[in-house]
Amino acid sequence: GTATTSTARTGRAPSGPCYVGDWLGTESAMRTMLGVASQPAANVSGAVVLTLLDDGTFAYAFEDLASDVNSRGERSQLVLNGTVAGTYTAGPAAFVINPTESDITVTVDGRSQKADISVGSNNKGNGATGESPYTCRGDTLSLTGSNDGKVTTWERIGGLTIGR
């Protein structure tokens, strides 16, 4: 549906389940998506937005999602840009997420390459595929990663839709 003035102001979905809408990843979500959840000293910046539509489709949009990572004692900068999209089904307590398309660019220390980070894979650490338990209350969505068990928190975005 189209957002009304009141929808954009309050950030609530016009109708349907609580989880339908656009969600901005908090620091916990950004750290998990970048694989640095266990590195508290790693800085994170940029944004990741999760869009869940009531037709059963979803998309993650990465916008300069970046972190300095420590790998084998060396510091590197990792940056993600692009989208991962697909379908989902939602039960009363869990999503089953099925990515079907990926257009991601991964840049490490200034060197970029296309990467298929989700489709047909079972990546540990991205929390983006498989069955993910969730809770949704008001303007907060919490997801538990199907592979890593890490909880990520998302905050509702009012009236903003990315990639639509």
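What you see as residue numbers is a count from 1 along each chain, following the sequence as written. Reporting in this predicted model follows two pLDDT cut-offs: at least 70 for local features of residues, and 80 or more for side-chain atom pairs to be given and counted; totals over whole chains, interfaces and linings ignore these cut-offs and use all residues. To get the side-chain values, take all heavy atoms of the structure and skip hydrogens and water.

Draft legend 1. How the structure looks around the overall build of the protein. In terms of helices and strands, the protein carries 2 helices and 9 strands. Think of it this way: any DSSP run of H or I at least four residues long counts as a helix, any run of E at least two long counts as a strand, and we number them from the N terminus. In sequence order, the protein lays out its α and β elements as α-β-α-β-β-β-β-β-β-β-β. Burial analysis of the protein (164 residues in total) assigns 40% to the buried set. By the convention used here, residues are in contact when the closest approach between their heavy atoms is within 4.5 Å. Long-range pairs, those at least 24 residues apart, make up 52% of the contacts in the protein between residues at least 6 apart in sequence. Only the protein chains shown count as covering a residue, and every accessible area follows the Shrake-Rupley method with a 1.4 Å probe. With the model as given, the accessible surface of the protein reaches about 8,500 Å², and the carbon-plus-sulfur share is 49%. Only protein chains enter the area calculation, which uses a 1.4 Å probe; residues under 20% of their type maximum are buried, those over 50% are exposed, and those in between are partly exposed.

Draft legend 2. The arrangement of the pairing of strand β9 (residues 151-157) in detail. Two strands make a pair as long as DSSP finds a minimum of two bridges between them. With 4 bridges connecting them, strand β1 (residues 21-25) and β9 associate as antiparallel partners. Across the sheet, the residue bridging to Trp23 is Arg156, located in β9. Note: strand β8 (residues 140-144) against β9, 5 bridges, orientation antiparallel. If you follow Leu143 over to β9, its bridge partner there is Thr152. Taking the residues that link successive antiparallel strands as the turn, the β8-β9 hairpin has 6 residues, and the phi of Gly149 there is positive, at about 70°.

Draft legend 3. Broad picture of the state of the cysteines. A pair of sulfur atoms, both from cysteines and within 2.5 Å, is called a disulfide here. Taken as a whole, this structure holds 1 disulfide when the rule is applied. The residue that forms a disulfide with Cys18 is Cys136, at a sulfur-sulfur distance of 2.0 Å. Taking the sign of the S-S torsion, -70° for the link of Cys18 and Cys136, the bridge is left-handed. Taken as a pair, Cys18 in the loop between α1 (5-10) and β1 and Cys136 in strand β7 (residues 130-137) lie far apart in primary sequence, 118 residues in all.

Draft legend 4. Unusual backbone geometry, seen in detail. Unlike most non-glycine residues, Asp64 shows phi in positive territory, near 50°. Inspection of the secondary structure assignment puts Asp64 in strand β3 (residues 57-71). A relative accessible area of 46% means that Asp64 is categorised as partly exposed. Here the phi dihedral of Asp109 falls at roughly 50°; this positive angle occurs in a residue that is not glycine. Within the secondary structure, Asp109 is located in the loop between β5 (94-108) and β6 (111-115).

Draft legend 5. Representation of the environment of Gly25 within the structure. Within the secondary structure, Gly25 is located in strand β1. When the C-alpha positions of Gly25 and Trp154 are compared, they lie 4.6 Å apart, and in sequence the two are 129 residues distant.

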